[in-house]
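Now for the letters of each chain:
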Amino acid sequence: MARIQAIRGMNDVLPEQTPVWRYLEDTARTLFEQYGVEEIRMPIVEQTELFKRSIGEVTDIVEKEMYTFDDRNGDSLTLRPEGTAGCVRAGEEHGLLFNQVRRLWYTGPMFRHERPQKGRYRQFHQIGVECFGFVGPDIDAELIILTARLWQKLGLAEHVELQLNSIGSADARQTYKTALVEYLSQYKDQLDEDSQRRLDTNPLRILDSKDPKTQNILVEAPEFADYLDDESKQHFAGLCAYLDKAGIAYVVNPRLVRGLDYYGKTVFEWVTSSLGAQGTVCAGGRYDGLVEQLGGRSTPAVGFAMGVERLILMLETLDLVPASLHDRADFYICALGEGASLYAFEVAELLRDLPQDVRVVTHCGGGGFKAQMKKADKSTATFALLLGEDELQQRTITIKPLRSDLPQKSLSLEDFIKSVPQML
RNA sequence: GUGAUCGUAGCUCAAUGGCAGAGCGCCUGGUUGUGGCCCAGGUGAUACGAGUUCGAUUCUCGUCGAUCACCCCA
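First things first, this report covers the structure right here in the doc. Quantities reported herein were computed from a predicted structural model and do not represent experimental measurements.

### With respect to the nonpolar core
1) Next: With 71 residues, the main nonpolar core has Val129, Cys131, Leu143, Ile144, Val281, Ala301 and Met306 as its most contacted residues.
2) Next: In terms of residue count, helix H5 (residues 137-154) provides more of this core than any other element does, 8 residues in total.
3) Next: If sequence neighbours within four positions are ignored, Val129 has contacts with Val37, Leu104, Trp105, Leu143, Gly303 and Phe304.
4) Next: Among the nonpolar cores identified, the runner-up in size contains 21 residues, and Ala335, Ala344, Phe383 and Leu385 belong to it.

### Quick look at the packing of helix H1 (residues 18-34) against helix H11 (residues 308-317)
Helices that pack against each other are described as a pair by the angle of their axes relative to one another and the distance between those axes.
1) Next: Viewed as axis vectors pointing N to C, H1 and H11 meet at an angle of 110°, and their least axial separation amounts to 10 Å. In terms of orientation, H1 and H11 fall into the roughly perpendicular class. Considering the relative orientation of H1 and H11, their crossing is right-handed. Residues Val20, Trp21 and Leu24 of H1 form the contact with H11, whose participating residues are Val308, Leu311, Ile312 and Leu315.
2) Next: Residues of the contact of H1 with H11, tallied by class, amount to 7 nonpolar, no polar and no charged.

### Some words on the environment of Trp270
1) Next: Note on placement: Trp270 falls in strand E9 (residues 264-271).
2) Next: Here Trp270 falls in the buried class, since 25 other C-beta atoms lie within 10 Å of it.
3) Next: In the structure, Trp270 is positioned 107 residues away from Gln163 in sequence and 6.2 Å away in space, judged by C-alpha atoms.
4) Next: With residues up to four places along the chain from it excluded, the contact list for Trp270 reads Thr147, Val160, Leu162, Val281 and Cys282.

### Observations concerning the pairing of strand E15 (residues 396-401)
On a regular strand, one side chain projects to one face of the sheet and the next to the other, so that they alternate.
1) Next: Of the strand pairs in this sheet, strand E14 (residues 383-387) and E15 are connected by 4 bridges, and their pairing is antiparallel. Considered in E15, the bridge of Leu386 is made with Thr398.
2) Next: Relative to strand E16 (residues 409-412), E15 is paired through 4 bridges, and the arrangement is antiparallel. Paired with Ile397 across the strands is Leu411, a residue of E16.

### Digging into the sheet that holds strand E3 (residues 67-70)
By way of backbone hydrogen bonds, the strands of a sheet pair with one another, either parallel or antiparallel.
1) Next: Strands sit in the order E2-E4-E3 across an open sheet of 3 strands; the sheet is antiparallel. The open sheet has two edge strands with one neighbour each: strand E2 (45-47) and E3. Pairwise comparison of adjacent strand axes, ignoring direction, gives a mean angle of 35° for this sheet.
2) Next: As paired elements, E3 and strand E4 (residues 76-79) share 4 bridges and run antiparallel to each other. Of the residues in E4, the one forming a bridge with Phe69 is Leu77.
3) Next: Most of the contacts of helix H2 (residues 48-55) go to E2, to which it runs at about 75°, and overall it touches E2, E3 and E4.

### Let's talk about the environment of Ser404
1) Next: If you trace the backbone, Ser404 turns up in the loop between E15 and E16.
2) Next: Judged by C-beta crowding, with 8 C-beta atoms within 10 Å, Ser404 ranks as exposed.

### Some details on H5
1) Next: Its 18 residues give H5 an end-to-end C-alpha distance of 26 Å, which sits within 8% of 26 Å, the value for a rise of 1.5 Å per residue.
2) Next: Gly155 lies just past H5 and shows a positive phi near 80°.

### A few points about the sheet that holds strand E1 (residues 38-39)
1) Next: Pairing in this open sheet of 8 strands is mixed, and the strands run E1-E5-E6-E11-E10-E9-E7-E8 from one edge to the other. Here the strands that pair on one side only, and so sit at the sheet edges, are E1 and strand E8 (251-252).
2) Next: By the bridge criterion, 10 bridges tie strand E5 (residues 102-111) to strand E6 (residues 123-132) in an arrangement that is antiparallel. Within E6, the position partnered with Thr107 by the bridge is Ile127.
3) Next: In the packing of H5 onto the sheet, the strands contacted are E6, strand E7 (161-166), E9, strand E10 (280-286) and strand E11 (301-307), and the crossing angle to E11 comes to about 15°.

Conventions and cut-offs
Residues numbered from 1 in each chain as written. Chains lettered and ligands numbered in written order. Predicted model: local features only at pLDDT ≥ 70, side-chain atom pairs only at ≥ 80, totals over all residues. Core = buried A, V, L, I, M, F, W, Y, C linked by C-beta atoms within 7 Å. Buried ≥ 20, exposed ≤ 12 C-beta atoms within 10 Å, placed from the backbone. Helix = DSSP H or I, 4+ residues; strand = E, 2+ residues; numbered from the N terminus. Contact = placed C-beta atoms within 7 Å. Axes fitted to C-alpha atoms, helices over the stretch in contact; angles between N-to-C directions. Parallel < 35°, antiparallel > 145°, perpendicular 65-115°, else oblique. Left-handed = near helix turned anticlockwise from the far one by under 90°. Nonpolar A, V, L, I, M, F, W, Y, C, P; charged D, E, K, R; others polar. Pairing = 2+ DSSP bridges. Expected span 1.5 Å × (residues − 1).

Following this line, the structure appears as structure tokens:
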């Protein structure tokens, strides 16, 4: 009797959880509309090549974390590990990026074959925004201001910190990378194992190594700020000016780098200490080279993605989920006897006909009033409607308030329906 | 991919190399038409597979899964 289970790291979102998910999604959606950001929906599967070309061949994501398989016709396909590549592909394919500006957002599942732990799953969800065609730092600032407003709305503002950095132009990064490798190579033996490996693969990553000895060596390392190109410097200064004016606090973290190859200039992360090891809840940056790299015309771009599971985890641990989210019924209709049950359905449909989207649960499955009332209580309904022989004969409704001490009363069906708008 | 801890009822947890317990939940009754509180009764479990043993839920191994951390990342 081996039961079939969900795939490791791929979670069901149960009815108790879905209201929180919707709360987050709705809040974000409303906010995006306030900023003129349009929704786009992309497929979950893309050609493997798309991710190799955008994320970078030597990144961990591409090397060992992608769900890649051959289609029946032999094409190599991959479950998307992130949203940016697909968004660029779609925008490019449909001419959305040609000679114009765009603000786009999307949400959905992403897939990475990692070992699951708190705030990290194999199927996880992101809400992302990507903006195309804007060169200046104003759009970078706007995106950060947008996210800050989202934390405000969700009550998370006190629990997240904005970290900011500029990783400069590709040339500046290359020059710095060479200098860093040269410096670190002197101490190669003293570096931790992972950092020794990264010396060849991704030296910038060594900067945020957690190993104390490595951190010690880094104290004397060349500073990236000294290698930053003038254009990136100005861009960064411009961004900071916008943020200062908007009153948004940030920490410049010179060690902040990105795991994906396509970033340049602005990078930022919103981090929290309330989630354990997975502290990043939202991260993004500028990627001016990506569109061209994927075969399009050179187009400046900047974007970010939020980790939905991580944000929900935060809302739950910090007890910031509004209790009202779990209210899901206005009326629970109890009926005793066959005739009354038919009457109950009639009443229920009349209620649902009303213009204000009344939420009605009819009791199905029989049983006495006592059992039905228990269900009514559990249903979160504000009122129980009791229909028995008397009500059926007289075409009346007995209304019992469940969340207050007000007495129950009986009304004619017609009067009841009329009074519903005042009741809710 | 690496390491540590761990899998007992729908949920949270007990216990034992020899009949597996509780609380919550759920069902019924205490009210032939009334929820919450209370009382009584009922329901229901050792992840899967091998091994050791007279006997394994307990000991060993494997598989699957969970949790936390590393790695990586949202």
